[in-house]
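# A look at the structure
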Amino acid sequence: MMTYKEIYYFTGQCLSLDEHPETRTAIVQKIENEDLHWEELLELWSDHLVIPSIYLKLKGHDLLDLLPPELTPLLRVVYEVNRVRNEKILQQIDSITEALEKRRIYPVFLKGSANLLDGLYGDVGERMIHDIDFLVKEENYLRTAAVLEGMGYCHDQPDYLDLKTLKHYPCLHKKGEPVVVEIHRLPVPEKYGEQYNAKLVFRDKKAVASRPGTFVPSDRHKLAHTFIHGQLADRGHTDKRSSFRAFNDLLLLSKRTPAFILPIYTRHKNKAISWLVFGQRVLGLPGQFYPIETKASRWFCLKYDLALSYGGIYRLHTFGKKLMNLLFVRYGGGLVKAVLHEDHRQSVYRRLKSRQWYAQHMMSYKNFF
């Protein structure tokens, strides 16, 4: 039976079939000769939000007939549902763009919705999207929220937060629309703003040819955002977590813009190189994203492989690090900020007065333990 690490790398091989069709033979051998734990494999594909991508790759290389008979229909249904959903998301984006354009507000769509709009994927159903993210200029931030709320969007955010200072406005949802919407005043957390910020995004934005008046970041900025969001802001590098969905985006973006320049303009050289090197290892594409393997990147890959091989021990180690961060950074640092800054002190006071905050705060630990 294949180990979890072998299943992980097998997934990478499937996603890179278009780059190296000759790996089809190796995949066939593994399917026929290995005792694949299909439930575990499907769980991995689901967790990484790549079921539609895997389905399309296997279909394109005539591999679906080799799968267990009950698996192929399941993959097909997930893909078809996602394709219909993405078509509705595009319609939702069009309605938002039209409403904002009337007020002379021109957003730049970010992340998955930007890639979908920009035709990054060969099939509209390939990318699974959680929400619609878009960036507006600071002076249009609250105006944009008012426009969407006038369209019937609403949010459930409690009133103890200062909405003007958030990275993005509370998630807005509307009955009948497929996904929630996030209005960003900052593309990434402020501490990464020197390397990637709203000014840069608007300066280098590009128009979507098929949708006049719709804008997305440049391909270089899409790549930078993918890295900063997953590996820095969401602690992927620290916790040894890399999304296959992000690796698939990286692979497709690397065909438009050279990935090897990422370490230069993100100001996190070693972390960027490590992510690129590990990505090309997992996908079986040596040199595709970065021409050499540095000492730091090899060490990162070794630790990641150990995390894949010894999941229980690694989860215990990660839990300890998270607990230390929670106690000393989140709570300890928050206490210091409350003592030093009046606005933060008032924010803490408003939270402690709100019953809703206690419930939401406890729910935030749902995935912690």
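Use the structure listed above.
Report follows, based on the coordinates. (Residues numbered from 1 in each chain as written. Predicted model: local features only at pLDDT ≥ 70, side-chain atom pairs only at ≥ 80, totals over all residues. Heavy atoms only, no water.)

### Some words on the overall build of the protein chain
On a plain count of helices and strands, the protein chain comes out with 17 helices and five strands. Taken over 369 residues, the protein chain has a buried fraction of 48%. Taking as baseline every contact in the protein chain between residues at least 6 positions apart, the subset at least 24 positions apart corresponds to 69%. (Helix = DSSP H or I, 4+ residues; strand = E, 2+ residues; numbered from the N terminus. Buried < 20%, exposed > 50% of the residue type's maximum accessible area, 1.4 Å probe, protein only. Contact = heavy atoms within 4.5 Å.)

### Topic: the pairing of strand E2 (residues 131-135)
Regular strands place side chains that alternate from one sheet face to the opposite one. In terms of residue burial, E2 counts as a mostly covered element, since five of its five residues are buried. Of the two faces of E2, the one lined by Asp131, Asp133 and Leu135 and the one lined by Ile132 and Phe134 are each fully buried. Sheet topology note: the strand E1 (residues 108-110)/E2 ladder contains three bridges and is antiparallel. Residue pairing in the sheet places Val108 in a bridge with Leu135 of E2. (Pairing = 2+ DSSP bridges.)

### Section: helix H13 (residues 269-282)
Each turn of an α-helix holds 3.6 residues, which means side chains three or four residues apart point in the same direction. For H13, with 14 residues, the first-to-last C-alpha span of 20 Å sits near the 20 Å given by 1.5 Å per residue. Buried residues dominate H13, accounting for 10 of its 14 residues. Restricting attention to buried positions, one finds in H13 the residues Ala272, Ile273, Ser274, Trp275, Leu276, Val277, Phe278, Gly279, Gln280 and Val282. Against helix H1 (4-15), helix H9 (219-233), helix H10 (236-239), helix H11 (244-253), helix H12 (262-266) and helix H14 (295-309) lie the buried residues of H13. The positive-phi residue at the C-terminal boundary of H13 is Gly284, with phi of around 70 degrees. (Expected span 1.5 Å × (residues − 1).)

### Regarding the packing of helix H3 (residues 38-47) against helix H4 (residues 51-60)
Between H3 and H4, whose axes approach to 8 Å, the crossing angle comes to 120 degrees. On the side of H3, the interface is formed by Leu42, Trp45 and Ser46, while H4 contributes Ile51, Ile54 and Leu58. For the contact of H3 with H4, a count of residues per class yields five nonpolar, one polar and no charged. (Axes fitted to C-alpha atoms, helices over the stretch in contact; angles between N-to-C directions. Nonpolar A, V, L, I, M, F, W, Y, C, P; charged D, E, K, R; others polar.)

### Re helix H7 (residues 141-150)
All of the buried residues in H7 are Tyr141, Thr144, Ala145, Val147 and Leu148. Buried residues along H7 cover an arc of 160 degrees about the axis, so they all sit on one side. Here the buried face of H7 lies against helix H5 (71-101), E2 and strand E3 (180-184). Taken from the residues just after H7, Gly152 is the one with a positive phi, measuring 110 degrees. (Arc of directions from axis to C-beta.)

### Quick notes on the packing of aromatic side chains
Per the stated rule, a full pass over the model turns up 15 aromatic pairs. Arranged with centres 5.7 Å apart and planes meeting at 40 degrees, the rings of Phe227 and Trp275 form a pair that is tilted. Of this pair, Phe227 sits in helix H9 while Trp275 sits in helix H13; the two residues are 48 residues apart in sequence, bridging distant segments of the chain. Look at Phe227 and you get buried, because its relative accessible area is 0%. Chaining the aromatic ring pairs together yields one cluster made of Tyr4, Tyr8, Tyr9, Phe227, Phe244, Phe247, Trp275, Phe278, Phe300 and Tyr304. Seen from the ring of Phe202, Lys137 lies directly overhead, with NZ or CZ sitting 5.5 Å from the centre. (Phe/Tyr/Trp six-rings, centres within 6.5 Å; stacked < 30°, edge-to-face > 60°. Lys NZ or Arg CZ within 6 Å of the ring centre and 35° of its normal.)

### As for the nonpolar core
If you look at the biggest cluster of nonpolar residues, it comprises 97 residues, and the most contacted ones within it are Tyr8, Trp45, Phe134, Leu148 and Ile183. If you tally residues by element for this core, the top one is H5, at nine residues. (Core = buried A, V, L, I, M, F, W, Y, C linked by side-chain atoms within 4.5 Å.)

### Digging into the environment of Pro68
Turning to its location among the elements, Pro68 is positioned in the loop between H4 and H5. On the basis of relative accessibility, which here comes to 15%, the residue Pro68 falls in the buried class. Between the C-alpha atoms of Pro68 and Trp38, which are 30 residues apart in sequence, the distance is 8.4 Å.

### Re the packing of H13 against H14
Packing of H13 against H14 leaves a shortest axis separation of 8 Å and a crossing angle of 55 degrees. Classified by the angle their axes make, H13 and H14 are oblique. Viewed along their axes, H13 and H14 form a crossing whose handedness is right-handed. Note on element contacts: H14 touches H13 through Ala296, Ser297, Arg298, Phe300, Cys301, Tyr304 and Asp305, opposite Asn270, Ile273, Ser274, Val277, Phe278 and Arg281. (Parallel < 35°, antiparallel > 145°, perpendicular 65-115°, else oblique. Left-handed = near helix turned anticlockwise from the far one by under 90°.)

### Examining the pattern of salt bridges
Under the definition given, this model contains 19 salt bridges. The closest approach of N and O atoms between Asp118 and Lys206, which form a salt bridge, is 2.8 Å. Taken as a pair, Asp118 in the loop between helix H6 (111-117) and E2 and Lys206 in strand E4 (residues 206-207) lie far apart in primary sequence, 88 residues in all. On the basis of relative accessible area, Asp118 is assigned to the buried category, the value being 15%. A relative accessible area of 24% means that Lys206 is categorised as partly exposed. (Salt bridge = Lys/Arg side-chain N within 4 Å of Asp/Glu carboxyl O.)

### Overview of the side chain of Glu126
Tracing the chain through its elements places Glu126 in the loop between H6 and E2. Glu126 gets classed as buried once you look at its relative accessible area, which sits at 6%. Side-chain polar atoms of Glu126 contact the side chain of Asn248, separated by 2.9 Å. (Polar contact = N/O pair within 3.5 Å; in protein donor to acceptor, adjacent residues only side chain to side chain.)

### A few points about the side chain of Asn82
Within the secondary structure, Asn82 is located in helix H5. A polar side-chain atom of Asn82 sits 3.0 Å from the main-chain carbonyl oxygen of Arg127.

Geometric values such as these leave the question of function open.
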